[in-house]
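Notes for the structure review
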Amino acid sequence: MVGESASDVVRRAEEDGLRLVRFLWCGNDGTIRTKASGIHGLEGRIEAGIGLTVGMSAMNSLDGLQPVEGLGPVGEVRLVPDPATFVVLPYAPRTGAMLASQQTLDGRAWEVCSRSFLARMAQRLADERGGVLEVAFENEFSLAREEADGLRPLDRSLCFSTIGLTAAQAFADDLVAALDEQGIRVEQYYAEQGPGQQEVSVGHLPALQAADRQVLVREAIRGVAASHGLVASLAPKPWPSDAGNGNHVHFSLWDPASGRNRFHDPSGPGALSAEALAVVAGVLEHLPGLCGLTAPSFNSYRRIQPRAWAGAFRCWGIDNREAPLRAPSGFRGREEASANLELKASDASANPYLAVGGLIAAALDGLERRLRPPRPVQVDPADLPEARGPPPLPRTQDEALDALEADGVLMAALGEPLARSYLAVRRSEWAAYSAGDAGFEQRGHFSKY
Ligand code: GLU
Ligand code: MG
C-alpha cells in the first residue's frame, strides 16, 4: 500500500517501471475481472475512472449477457479505483493493481456496485452498533496440471500430509512471498485433504479491506500457479468425488475506540458474549438466504453435503466442523483476540463483497431484534434422527436463490437494483448448468474460480 492519492500511485508506478495498472472488480457471477490502465494518463483514470458498460453487471460466468432492465447495451458507469489499495503484483512484476468501485457518471456510488454495497453495510454497522466487523478468509484451492487428456491433480496425498506440501513446495514458497510483498499477512499454510488441495489463511482486517484483499489473494493463487505452469482452482467442488474447496469466513465484532473484541465473554457459552450470540442467531435465521450469496454457484451444492466438513444443516456448534456456523475455541493467552465465529457454508465462487455485506445484514438483524440462538449442536448433525436434527441447508443453487429472494432483510439490504441483477445472473447459471452434464459443470467452474 503506498498512500491515499492518485499522485502517490503514479509516482510509485513510475519508480517501479510499471507498464499497466489493473482496475479490479468482482462481478455478480463471482468472477474477478479487470481493465488495466497504461501509465500514460493513469492519474486522470484514477480520478475519473475507466468506462464500463452497465451490461457487465448482467453478465454471468459463461459470459452470457442476461436481460435485466436498465443493464442492457446502452449506459455506462465508471470503474474508479481506490488508491489506498494499490499493490504491485509480484507474479506480474511490471503490473500494479487496485480494487475498484463502480460509480455513476457524476461520481456517486452506483446502486448495483457490490463494493459500494459492502462499504454501505460496514457503515451501517458503525452507525447503528458502533462496531467494526473484522473478517478473515481461509482459502482452500486445488492445484492441477493441464495435460493432453484434461486436468490432472498435482498430488493424491493425505490431509495435512507433508508429501502434499512437498509436491507444491516451489509454488507455496512463491505464493507466500507474493502475499507478503503485497502486505498480506499469511497465518497458516498446509496441504488439505483433496487431490492437489492446499489451504492458505491470512490475518483479519475490517470488512471492506478484507474483501479487497480476498480478491488479491484469489488473484495471487492463480497468478503464482500460472507462473509455475500449474492451474489453480478455487471452485467449490473441483473433482466430483473428492473434498471440496471451502472459503470459510472468520468474523468478530470490535469496538474501535477501546480496541476490544466484543464477541468475547469468558462467562458465556463457548466464551461468547451476548452480542456474539445474537449474531449467531441472526446468521442462523438468515442462513438459507445467505447461502445464495456465500455459496452461490451451481457447483457450490456439490460441496455442501453431510459429512464433508462444509456444514450441511442449519445449526451452530462449538468446535463442530459439521456445523455451517462454528464457534472455534479461543487460544490460551489470546482468549479475547481469538474469539470469533466461522461461517463454513461459504466458498470462493462468491463475490466477497456481497457475501460479507449479507453477513453484516444478518448480524445486524440478530443484534437489533436481540435474537437468541438455539442450543449449539455438539454432534455431527447427520447422526441425529431427521425429526430431531436441524433442517438441511439449501440443497441446490436454485433453492438457495429462492431462499435469498424470500429473505426480506437480505433483499432490502442489497437494494432492488443490485438484488435484481444478482438473481438474474445466478439464476441463468442454474439454467445453463442444470441442463448440462458433469463435465460441462466441472470445466465451467474449475477454470473460472
Ligand atoms: N474442505 C472442507 C470444506 O469444503 C473444509 C475442511 C476444513 O474444515 O478445513 O469446507
Ligand atoms: Mg481447511
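The structure reproduced in this document is the subject of the present report. (Residues numbered from 1 in each chain as written. Chains lettered and ligands numbered in written order. Predicted model: local features only at pLDDT ≥ 70, side-chain atom pairs only at ≥ 80, totals over all residues. Heavy atoms only, no water.)

A word on the overall build of the chain. Scanning the chain from N- to C-terminus turns up 13 helices and 17 strands. With respect to the three principal axes, the spread of C-alpha positions in the chain is 65 × 55 × 50 Å. Split into buried and exposed, the 449 residues of the chain put 57% on the buried side. Looking at the chain alone, contacts between residues at least 24 apart form 70% of all its contacts between residues at least 6 apart. In the form shown here, the chain has an accessible surface area of approximately 18000 Å², with 51% of it arising from carbon and sulfur atoms. (Helix = DSSP H or I, 4+ residues; strand = E, 2+ residues; numbered from the N terminus. Buried < 20%, exposed > 50% of the residue type's maximum accessible area, 1.4 Å probe, protein only. Contact = heavy atoms within 4.5 Å. Areas by Shrake-Rupley, 256 points an atom, 1.4 Å probe, with all protein chains shown as cover.)

Applying the stated criterion across every chain, the model contains seven aromatic pairs. The rings of Phe298, Trp430, Tyr433 and Phe440 are connected pair by pair, giving a single aromatic cluster. (Phe/Tyr/Trp six-rings, centres within 6.5 Å; stacked < 30°, edge-to-face > 60°.)

Our next topic: helix H1 (residues 6-15). Taken together, the buried positions of H1 are occupied by Ala6, Asp8, Val9, Val10 and Ala13. Where H1 is buried, its residues meet helix H2 (42-48) and strand E6 (95-103). After H1 finishes, the residue glycine 17 shows a positive phi value of roughly 65 degrees.

At the metal site, the magnesium ion (ligand 2) is ligated by Glu140 (OE), Glu192 (OE) and Glu199 (OE), and these contacts range over 2.0 to 2.1 Å. Each donor residue of the magnesium ion (ligand 2) belongs to the same chain, and together they define the spacing E-x51-E-x6-E. For glutamate 199, a relative accessible area of 2% corresponds to the buried category. (Donors = N, O, S within 2.8 Å, 3.2 Å for Na, K, Ca; no water.)

Right, let's get into the site of ligand 1. Lining the immediate surroundings of ligand 1 are Glu140, Glu192, Gly244, Gly246, His248, Arg303, Ala308, Trp309, Ala310, Arg321 and Lys344. Within the contact set of ligand 1, an oxygen atom lies 3.1 Å away from a side-chain nitrogen or oxygen of glutamate 192. In isolation ligand 1 has 300 Å² of accessible area, and contact with the protein removes 95% of it. Taken together, the residues that form the shell around ligand 1 break down as three nonpolar, three polar and five charged. (Near = heavy atom within 4 Å. Polar contact = N/O pair within 3.5 Å; in protein donor to acceptor, adjacent residues only side chain to side chain. Nonpolar A, V, L, I, M, F, W, Y, C, P; charged D, E, K, R; others polar.)

A few words now on the packing of helix H5 (residues 169-181) against helix H6 (residues 207-227). Look at H5 against H6: their axes get within 10 Å of each other, and the N-to-C directions meet at 140 degrees. Classified by the angle their axes make, H5 and H6 are oblique. When the axes of H5 and H6 are compared, the crossing they make is right-handed. In contact with Phe171, Asp174, Leu175, Ala178 and Leu179 of H5, H6 contributes Val217, Ala220, Ile221, Val224 and Ala225. Looking at the contact of H5 with H6 residue by residue, the classes come out as nine nonpolar, no polar and one charged. (Axes fitted to C-alpha atoms, helices over the stretch in contact; angles between N-to-C directions. Parallel < 35°, antiparallel > 145°, perpendicular 65-115°, else oblique. Left-handed = near helix turned anticlockwise from the far one by under 90°.)

Turning our attention to the pairing of strand E4 (residues 76-81). As paired strands, strand E3 (residues 50-53) and E4 are joined by four bridges and run antiparallel to one another. Considered in E4, the bridge of leucine 52 is made with valine 77. Sheet topology places E4 next to E6; four bridges connect them, and they run antiparallel. Note that in E6 the partner of proline 81 across the bridge is alanine 100. (Pairing = 2+ DSSP bridges.)

Time to look at the side chain of glutamate 429. Mapped onto the fold, glutamate 429 is located in helix H12 (residues 416-434). Given a relative accessible area of 1%, glutamate 429 falls into the buried group. Side-chain polar atoms of glutamate 429 contact the side chain of serine 61, separated by 3.0 Å. If sequence neighbours within four positions are ignored, glutamate 429 has contacts with Asp29, Asn60, Ser61, Gln397, Ser434 and Tyr449.

Glancing now at the side chain of histidine 286. When you line up the elements, histidine 286 lands in helix H7 (residues 274-294). Among the polar contacts listed, one links the side chain of histidine 286 to the side chain of aspartate 365, at a separation of 2.7 Å. Sequence-distant contacts of histidine 286, defined by excluding residues within four places in its chain, comprise Ala362, Asp365, Asp407, Val409 and Leu410.

Here the focus is the packing of H7 against helix H9 (residues 352-368). Two packed helices can be described by the angle between their axes and the distance between those axes. Put simply, H7 and H9 touch, their axes get as near as 7 Å, and they point 140 degrees apart. It follows from the interaxial angle that H7 and H9 lie oblique. Considering how the two elements wind past one another, H7 and H9 form a crossing that is right-handed. Contacts from Glu275, Ala278, Val279, Gly282, Val283, His286, Leu290, Leu293 and Thr294 in H7 reach Leu354, Ala355, Gly358, Leu359, Ala362, Ala363, Asp365, Gly366 and Leu367 in H9. Its residues assigned to classes, the contact of H7 with H9 shows 11 nonpolar, five polar and two charged.

Here we come to H6. Across its 21 residues, H6 extends 30 Å between first and last C-alpha, which sits within 8% of the 30 Å expected from 1.5 Å per residue. Across the 21 residues that make up H6, a large majority, 16, are buried. Just beyond H6, the residue with positive phi is glycine 229, at close to 70 degrees. (Expected span 1.5 Å × (residues − 1).)

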